[in-house]
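Secondary and tertiary structure notes
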Amino acid sequence: MYGELEESEYDRPGEIDDDIKIMVRLMTIREKIGQMTQLNQDLILTKDGELNTTAVEYYAKNYHVGSYLNQLSSNGVNYNHTAYASILNNIQQISLSVSNDTFKIPIIYGLDHIHGAHYIANSTLFPQGINMAATFNPQLVYEAASITAMETRAAGVHWTFAPVLDIPMNKQWPRVFENFGEDPYLSSVLGKAAIHGYQGKYKTDRSKVAACMKHFIAYGDPWSGQDRDSTVISDRTIYDYLVPNFQTAIDSGVATAMEAYIDINGEPVVASSKYLQQLLRDEMKFKGMLVTDWAEIQHLYTTHKVASSHKEAVRLAIHSTSIDMSMVPSDTTFFDSLVALVEEGLISEQRIDESAERLLQLKKDLGLLDVDNEGWKVESTLLQQVVDSEQKNGRQQTSIDAARQSITLLKNNDNILPFNNNNNNGNNNNGNSSNSQPIKSILVIGPSANDLSHPSGAWTIQWQGATVDRWHGSVEDDQFYSQGVTILEGIRQSASPDIQVRYIEGFDIDGNNTSMDEVLDVIKDYDVVVAAIGEHVYTEVPGNIHDTRLPAGQIKSIEMIAESGKPIVTILVEGRPRILESIVDHSSAILQAYLPGPWGGQAIGEILFGLVNPSGRLPYTYPKHAGDLMLNYWHPVNDVWDPLYEFGHGLSYSKFAYGNISIVNKTDNGDNGIISQGDVKYPILSATQPRTITIPVTNQGPFDGYETVMMYIQQPYRRLTPPAKLLKGFHKVFLESGSTHIVKFDVTADMFAYTGIDNIPHGTIDPGLVHVLVHDRKLELQLLD
Ligand code: BGC
């Protein structure tokens, strides 16, 4: 799996080296607090995006600033890797030359590269995290992260604020698309793949960057659904559903972490000893570097209202937690306050040393302390050559593959898809043709069909995406508009030349009628309507909504089209599952594209025409009703459950049949470990007796294709209300039409561990009957003490 490394070979943060301890002992308090300070790039850039050398000198000399963040651009157009590296080299040079500090310590630069190196021009943009989750393919996640690391490091940047490991329990939350979905296990597996891809052997491999698991913790669960609103959540839910993926990330060696904007039960995480000291450091054993989210320490005063001044905010956060770096990011209040607090004896020097040590160790591990050789200059130049080489197409191909494997077929009445590409011999996968009648004409409508920004989403070139309809930054960036394939272009590319394809927008992203008369006028001349609808581009607070339904105008327009009697294929381009209302019944087929990136259109075209057999699976539950914001498939079993589509749902053009589940390992006694309960005999499962199961899966055709085989566990009765079921294993397998694959899973007793009535994390396993579920098959086992 992944690259060539064994699990144990991946680097991870460890103990602090002796030379770092000595350095920290010799540094002044101001120098150490400078290392803890991260500022936004706009403090050292002119309005035109030129480096303001006087400002760099000022912050280096007076504040010993240890880190900067955010995109480098000129008039809304991002710099490419060479320009980045040259600006960053200048920052390093100026800072190092003006400072009279005890040691020459370069800055570390951080960027939010969550779906490719999207803040660096001409980089490879990938589908968003939610698509990567829908692929159920850790290999793709690993490859995308490796590419992102290399393209980031080629620009002289050593740190990305990814992967995003929030569990979006609330589906209205505007950041659902950034992470790996609602399931703790899926998010663990993919988070680990991402971390290994970003970091690899980061202590020696200079094409890698430090990853950052974020946002620790419970940020995906605001009760209102609005970004940064509070949550009320039990320790049990945190332990059983929100800790596992972060724990896996720590065990996989993630070098840094970012805390979350949220208040948990009234306690802001940024000032919480419970979450950032006891849980993260003492229990979960995180040894890496911890950064705050944007201005979050100041927010203790300005928004959370638990501190009555900036200084008190700094005291609370630093005193109560193990935060190492404050993403301040717009002034020097953090620095000034913390220096004063140490001078007044309110924060100990030892506390500052702890953070300074972790910060310097990270810089050393990434090669940044190699000041004499200016290692970062050489390595970025070398990497730029690799990035610019012909491999570019290969990297783009990984992005297209990820889009192909993520797009999820939710509905396909009467097998309307794939479209029958009539004369286009061999165009359909495996030479098979579709069941439907040949089509001669397609009317493409909708605001997301002829646009690259909607499928790419936010964090694309700009924080709020490079869109023409909302964001006022420049979209004249050739990394974006010169590449990519819109849905309309993708359809044209995959349709045989004799199929007539016409586009009329019909309505805009807010549902306003732009040309519905024209659509209704010509609709009779077309065999089928493809409607690309969904959401405008957003993230964070600008993406807050008060109604989870799609805009009424979009729903109404689909209704009007349905009246024509023409079949409608709906393509959803959306960052979170918006309520579809009548669109579900009016659509013969629904393709969930999520935010598949700039090449998503190509993948969609290929899927519509059967060049690619869809294999994406929903990484979250799709609610049916507008009031159901908090639907997760692992809901307590007694809760009302009426989703539109369940987590894991996703159709194929092939039919996959599952055989019986078999247990393949004997017990230590050499028997099958069967025990009797009354008249019934069950195989046993216990701490000392794990089981290995197999299940045959057959592709009954007519297409070759991927099938994601998922294994869930279920405990019908236990002391505390059990979850409906829980995913504990999955394998994505490629099966040629007609072939069978035997899929294997391990089942262990600790999969049933939970946080019981005594509140001991994962401390309870209740013996009794348990189920293992794979597709429509069920195995019953007796779980022993
Ligand atoms: C986001 C983080 C991001 C940071 C820096 C914040 O608003 O919550 O995810 O890393 O900004 O851009």
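Structure's up top.
The sections below set out a description of the structure shown in this document. Everything numeric in this text was worked out from a predicted model, so none of it was measured.

This paragraph deals with the overall build of the protein. Within the protein one finds 22 helices and 30 strands. In terms of overall dimensions, the protein is globule-like: its C-alpha atoms have a radius of gyration of 27 Å, near the 28 Å expected for 785 residues. Based on the C-alpha atoms only, the size of the protein along its principal axes is roughly 75 × 70 × 45 Å. By sequence separation, contacts in the protein at least 24 residues apart represent 78% of the contacts at least 6 residues apart. Total accessible area computed for the protein in this model is approximately 27,500 Å², and 47% of it derives from carbon and sulfur atoms. Each charge class in the protein can be summarised by its mean position, and for the 59 positive and 96 negative side chains these summaries are 3 Å apart.

On to the nonpolar core. One recurring pattern in soluble globular proteins: nonpolar side chains tend to sit buried together. By size, the foremost hydrophobic cluster in this structure holds 234 residues, and its most contacted members are M213, F419 and L608. When residues of this core are assigned to their parent elements, the largest contribution, eight residues, is made by helix α8 (residues 235-251). Judged by nonpolar contacts, the second largest core, of eight residues, contains I16, M23, I105 and L360.

With that settled, the discussion passes to the environment of S330. The residue S330 is located in the loop between β12 (326-327) and α12 (333-343) in this model. Residue S330 is classed as partly exposed on the basis of its relative accessible area of 42%.

Taken together, 13 residues sit near the ligand, with D112, R175, H215, Y261 and D293 positioned nearest. One nitrogen or oxygen atom from the side chain of D112 is found 2.5 Å from an oxygen atom belonging to the ligand. For the ligand, an oxygen atom lies 2.7 Å from a polar atom in the side chain of R175. When isolated, the ligand has an accessible area of 310 Å², and the protein chains bury 96% of it. For the shell around the ligand, a count of residues per class yields six nonpolar, one polar and six charged.

Here the structure, examined in full by the defined rule, presents 34 salt bridges. Of the charged contacts in the structure, one is a salt bridge between D324 and R358, with a shortest N-O distance of 2.9 Å. Here D324 is found in the loop between α11 (310-320) and β12, whereas its partner R358 is found in helix α13 (residues 349-365), with 34 residues between them in sequence. Per residue, the accessibility class of D324 equals that of R358, and both read buried. Where R502 meets E518, a salt bridge forms, and the shortest distance between an N and an O atom there is 3.2 Å. Of this pair, R502 sits in strand β15 (residues 500-503) while E518 is found in helix α19 (residues 516-522), placing the two residues 16 residues apart along the sequence. Assessed through its relative accessible area of 28%, R502 is described here as partly exposed.

What follows deals with the sheet that holds strand β11 (residues 289-291). Two strands in a sheet stick together by hydrogen bonds in their backbones, pointing the same way (parallel) or opposite ways (antiparallel). The strand order across the open sheet built from three strands is β7-β8-β11, with neighbouring strands paired in parallel fashion. Pairing within the sheet leaves two strands with one partner each, and these edge strands are β7 (212-216) and β11. Taken pair by pair, the neighbouring strands of this sheet meet at an average axis angle of 25°, ignoring direction. In this sheet, strand β8 (residues 256-259) lies alongside β7 in parallel orientation, the contact comprising four bridges. Opposite C212, over in β8, you have T256 as the bridge partner.

Turning to unusual backbone geometry, a few remarks are in order. Note: most residues except glycine have negative phi, and most peptide bonds are trans. Following K214, the chain continues to H215 via a peptide bond in cis, the omega torsion being 0°. Omega for the peptide link from L417 to P418 comes to -5°, which places this bond in the cis form. Among the secondary structure elements, P418 is positioned in the loop between β13 (408-412) and β14 (441-445). Positive phi, normally seen in glycine, also occurs at N122, with a value near 65°. Among the secondary structure elements, N122 is positioned in the loop between β5 (108-111) and α5 (129-135).

Time to look at the side chain of H304. Structurally, H304 is set in the loop between α10 (296-302) and α11. Assessed through its relative accessible area of 15%, H304 is described here as buried. In terms of polar contacts, H304 uses its side chain to reach the side chain of D263, at 2.6 Å. For H304, the contacting residues outside a window of four places in its chain are Y261, I262, D263, P268, E296 and H299.

With 16 residues, helix α7 (residues 184-199) should reach 22 Å at 1.5 Å per residue; the first-to-last C-alpha distance of 22 Å fits that figure. Of the residues flanking the start of α7, the one acting as N-cap is D183, its side-chain oxygen 3.1 Å from the backbone nitrogen of Y185. Downstream of α7 by a residue or two, G200 has a phi angle that is positive, lying close to 45°.

Taken in spatial order, the six strands make up an open sheet running β13-β18-β17-β16-β14-β15, and their pairing is mixed. Among the strands making up the open sheet, the edge pair consists of β13 and β15. Shown here is a sheet whose adjacent strand axes are inclined to one another by a mean of 15°, direction ignored. Summarising the sheet, strand β16 (residues 528-534) and strand β17 (residues 568-573) pair through six bridges and their orientation is parallel. Bridge pairing in β17 links G534 to V573.

The geometry of two aromatic rings is summed up by the distance between their centres and the angle between their planes. In total, this model carries 21 aromatic pairs according to the counting rule given. Seen from their ring centres, Y622 and Y645 are 6.5 Å apart, and the 85° between their planes marks the pair as edge-to-face. Separated by 23 residues along the polypeptide, Y622 in strand β19 (residues 622-623) and Y645 in strand β20 (residues 643-645) bring together distant segments of the chain. The same class applies to Y622 as to Y645, namely buried. Members of the aromatic cluster, connected to one another through ring pairs, are F136, Y185, Y633, F647, Y712 and F730. Stacked on the ring of W459, the Lys or Arg K214 has its end atom at 5.7 Å from the ring centre. Its guanidinium or amino end placed over the ring of Y261, R228 lies 3.7 Å from that ring's centre, counting from NZ or CZ.

On to the environment of V65. Tracing the backbone through its elements, the reader meets V65 in the loop between α3 (53-63) and β2 (67-69). Here V65 falls in the buried class, since its relative accessible area comes to 7%. V65 sits 31 residues away from G34 along the chain, and the two C-alpha atoms are 4.5 Å apart. Excluding its chain neighbours within four sequence positions, the residues that come into contact with V65 are G34, T37, L39, Y59 and I107.

The next subject is the pairing of strand β18 (residues 589-592). Alternating positions in β18 separate into two faces, A589 and L591 on one and I590 and Q592 on the other, with burial throughout. Two strands pair when backbone bridges link them, and β13 and β18 are joined in this way by four bridges, in the antiparallel orientation. When the bridges of β18 are listed, N412 appears paired with A589. Pairing of β17 with β18 involves four bridges; the strand directions are parallel. Among the inter-strand pairings, L572 is bridged to a residue of β18, identified as Q592.

Moving on, we come to the packing of helix α15 (residues 391-406) against helix α22 (residues 600-608). Relative placement of two packed helices is described by the angle separating their axes and the distance separating the axes. Interhelical geometry of α15 versus α22 gives an angle of 50° and a closest axis separation of 8 Å. For the element pair α15 / α22, the angle class is oblique. You can see that α15 and α22 cross each other, and the crossing is right-handed. Between α15, through I400, A403 and R404, and α22, the contact on the second element is made entirely by G600, Q602, A603, E606 and I607.

Thresholds applied
- Residues numbered from 1 in each chain as written.
- Predicted model: local features only at pLDDT ≥ 70, side-chain atom pairs only at ≥ 80, totals over all residues.
- Heavy atoms only, no water.
- Helix = DSSP H or I, 4+ residues; strand = E, 2+ residues; numbered from the N terminus.
- Rg over C-alpha atoms; globule rule 2.2 N^0.38 Å.
- Contact = heavy atoms within 4.5 Å.
- Areas by Shrake-Rupley, 256 points an atom, 1.4 Å probe, with all protein chains shown as cover.
- Lys, Arg positive; Asp, Glu negative; His and termini not counted.
- Charge placed at Lys NZ, Arg CZ, Asp CG, Glu CD.
- Core = buried A, V, L, I, M, F, W, Y, C linked by side-chain atoms within 4.5 Å.
- Buried < 20%, exposed > 50% of the residue type's maximum accessible area, 1.4 Å probe, protein only.
- Near = heavy atom within 4 Å.
- Polar contact = N/O pair within 3.5 Å; in protein donor to acceptor, adjacent residues only side chain to side chain.
- Nonpolar A, V, L, I, M, F, W, Y, C, P; charged D, E, K, R; others polar.
- Salt bridge = Lys/Arg side-chain N within 4 Å of Asp/Glu carboxyl O.
- Pairing = 2+ DSSP bridges.
- Axes fitted to C-alpha atoms, helices over the stretch in contact; angles between N-to-C directions.
- Expected span 1.5 Å × (residues − 1).
- Phe/Tyr/Trp six-rings, centres within 6.5 Å; stacked < 30°, edge-to-face > 60°.
- Lys NZ or Arg CZ within 6 Å of the ring centre and 35° of its normal.
- Parallel < 35°, antiparallel > 145°, perpendicular 65-115°, else oblique.
- Left-handed = near helix turned anticlockwise from the far one by under 90°.

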